[in-house]
Amino acid sequence: MSNKKLPKAGSIQVSPSILSADFGSLADEIAQVEAAGVEMVHLDVMDGHFVPNITFGPPVVKKLRKYSDLFFDSHLMITEPGKYAEAFVEAGVDNITFHIETEKEPEKLIEKLHSIGCSAGITLNPDTPVETIKDVAPLCDMVLVMTVNPGFGGQSFMADAAEKIITVRELVGPDIRVEVDGGIDAETAPIVAGYGADTLVAGNAIFNKPDRAAAIQAIQQSAKV
Ligand code: DX5
Ligand code: ZN
């Protein structure tokens, strides 16, 4: 269990996605972004079923928890998020974001996450309309707008999908974080921040650069709109 709180909405937070990190040295990779001053790190969990790729589960999170004090922002790209929520929370994640496409009773899962002391996020694929999260988004701590089809790092930013951020921000108001994930770098960050996103996931643009601190700084600076 971890007890870290999601940073209050409003401040721009960069959430480095370890999907593009060296999986053989994950603890060290996370230490590098922690030293660079980020408050959160994005953990992409894939099951080879909801998305055509497989990453890691609770045992890996549990080990990483020992090496980091960052807020663990997990993004579950799995078909049965409710089944594994407790295991991820016990392993040490601080937030669970799940896909609206995977859950018949999303309200119940949000309630369950809150009852076990976990921040709750809802997300939707680029082709899924904002309408589908209308009722549940205001119950969450964070709404994640996907700007690539989930499954892989390093894909191109989908500008049309990003425009959904405007509607999501209108829907949730100023107190809920709006996160964006997929193709975020110093060029696209100002666009999404302008639409109202305050939480910027970036994998390729951080972990595929030799100087992670400089890469984070560049994204952070570019988003100051
Ligand atoms: C994609 C993942 C993303 C991914 C983003 O399925 O959810 O978090 O790591 O990677 P970049 O920043 O490289 O597009
Ligand atoms: Zn993600």
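Notes on the structure in this doc start here. Nothing here was measured: the structure is a model prediction, and the numbers come from that model.

**Points about the pattern of salt bridges**
Right, so step 1: As enumerated under the stated definition, the model contains seven salt bridges in all.
Right, so step 2: The partner of glutamate 29 in a salt bridge is arginine 212, with the nearest N and O atoms 2.7 Å apart. In this pair, glutamate 29 sits in helix 1 (residues 26-35) while arginine 212 sits in helix 9 (residues 212-222), placing the two residues 183 residues apart along the sequence.
Right, so step 3: The exposure class assigned to glutamate 29 is buried, which follows from its relative accessible area of 6%.
Right, so step 4: Relative accessible area serves as the criterion here: at 10%, arginine 212 is assigned to the buried category.
Right, so step 5: Residue aspartate 198 is joined to arginine 177 by a salt bridge in which the shortest nitrogen-to-oxygen separation is 3.4 Å.

**Regarding the pairing of strand 4 (residues 95-99)**
Right, so step 1: Of all five residues that make up strand 4, five are buried, and the element is covered over most of its length.
Right, so step 2: Neither face of strand 4 is exposed, since Asn95, Thr97 and His99 on one face and Ile96 and Phe98 on the opposite face are all buried.
Right, so step 3: Direction of pairing for strand 3 (residues 71-77) relative to strand 4: parallel, over a ladder of four bridges. Each residue of the ladder has a partner; that of serine 74, found in strand 4, is isoleucine 96.
Right, so step 4: With helix 3 (residues 81-91) bridging strand 3 and the parallel strand 4, this β-α-β connection has right-handed handedness.
Right, so step 5: Taken together, the five bridges between strand 4 and strand 5 (residues 119-124) define a ladder with parallel strand orientation. The residue of strand 5 that forms the bridge with asparagine 95 is serine 119.

**Some points on the coordination of the zinc ion (ligand 2)**
Right, so step 1: Coordination sphere of the zinc ion (ligand 2), protein contribution only: His42 (NE2), Asp44 (OD), His75 (ND1) and Asp181 (OD), at 2.1 to 2.3 Å.
Right, so step 2: For the zinc ion (ligand 2), the six donor atoms are set out with angles of 70 to 169° between them, so the coordination reads as octahedral.
Right, so step 3: Donor residues for the zinc ion (ligand 2), ordered by position in the chain, follow H-x1-D-x30-H-x105-D. Separated by 106 residues along the polypeptide, histidine 75 in strand 3 and aspartate 181 in strand 7 (residues 177-181) bring together distant segments of the chain. Both residues of the pair, histidine 75 and aspartate 181, belong to the buried class.

**Some words on the nonpolar core**
It is characteristic of soluble globular proteins that their nonpolar side chains tend to be buried jointly.
Right, so step 1: Counting 61 residues, the largest nonpolar core has Ile18, Ile96, Ile133, Val192, Leu200 and Ile206 as its most contacted members.
Right, so step 2: What isoleucine 133 contacts, discounting residues up to four positions off in sequence, is Ile100, Ile122, Leu124, Pro138, Val143, Val168 and Leu171.

**Regarding the sheet that holds strand 8 (residues 199-202)**
Right, so step 1: Reading across from one edge, 1-8-7-6-5-4-3-2 is the order of the eight strands in this open sheet, with parallel pairing throughout. The open sheet has two free edges, formed respectively by strand 1 (13-16) and strand 2 (40-46), since each of these has just one partner strand. Taken pair by pair, the neighbouring strands of this sheet meet at an average axis angle of 25°, ignoring direction.
Right, so step 2: In terms of strand pairing, strand 6 (residues 142-146) meets strand 7 through five bridges, oriented parallel. Residue pairing in the sheet places methionine 142 in a bridge with arginine 177 of strand 7.

**Points about the site of ligand 1**
Right, so step 1: Ser17, Asp44, Gly151, Gly154 and Asp181 are the nearest of the 20 residues found near ligand 1.
Right, so step 2: A distance of 2.7 Å separates an oxygen atom of ligand 1 from a polar atom in the side chain of serine 17.
Right, so step 3: At 2.8 Å, a backbone N or O of glycine 183 approaches an oxygen atom of ligand 1.
Right, so step 4: Surface burial for ligand 1 is 99%, taken as the share of its 380 Å² of free accessible area covered by protein chains.
Right, so step 5: For the shell around ligand 1, the elements supplying multiple residues, two or more each, are strand 2, strand 3 and strand 8.
Right, so step 6: For the shell around ligand 1, the element with the most residues is strand 2, which contributes three residues.
Right, so step 7: A per-class count over the shell around ligand 1 returns eight nonpolar, 10 polar and two charged.

The rules behind each value
Residues numbered from 1 in each chain as written. Chains lettered and ligands numbered in written order. Predicted model: local features only at pLDDT ≥ 70, side-chain atom pairs only at ≥ 80, totals over all residues. Heavy atoms only, no water. Salt bridge = Lys/Arg side-chain N within 4 Å of Asp/Glu carboxyl O. Helix = DSSP H or I, 4+ residues; strand = E, 2+ residues; numbered from the N terminus. Buried < 20%, exposed > 50% of the residue type's maximum accessible area, 1.4 Å probe, protein only. Pairing = 2+ DSSP bridges. Right-handed = clockwise from strand over helix to strand, strands pointing away. Donors = N, O, S within 2.8 Å, 3.2 Å for Na, K, Ca; no water. Tetrahedral: all angles 85-135°; square planar, octahedral: opposite > 155°, others 65-115°. Core = buried A, V, L, I, M, F, W, Y, C linked by side-chain atoms within 4.5 Å. Contact = heavy atoms within 4.5 Å. Axes fitted to C-alpha atoms, helices over the stretch in contact; angles between N-to-C directions. Near = heavy atom within 4 Å. Polar contact = N/O pair within 3.5 Å; in protein donor to acceptor, adjacent residues only side chain to side chain. Areas by Shrake-Rupley, 256 points an atom, 1.4 Å probe, with all protein chains shown as cover. Nonpolar A, V, L, I, M, F, W, Y, C, P; charged D, E, K, R; others polar.

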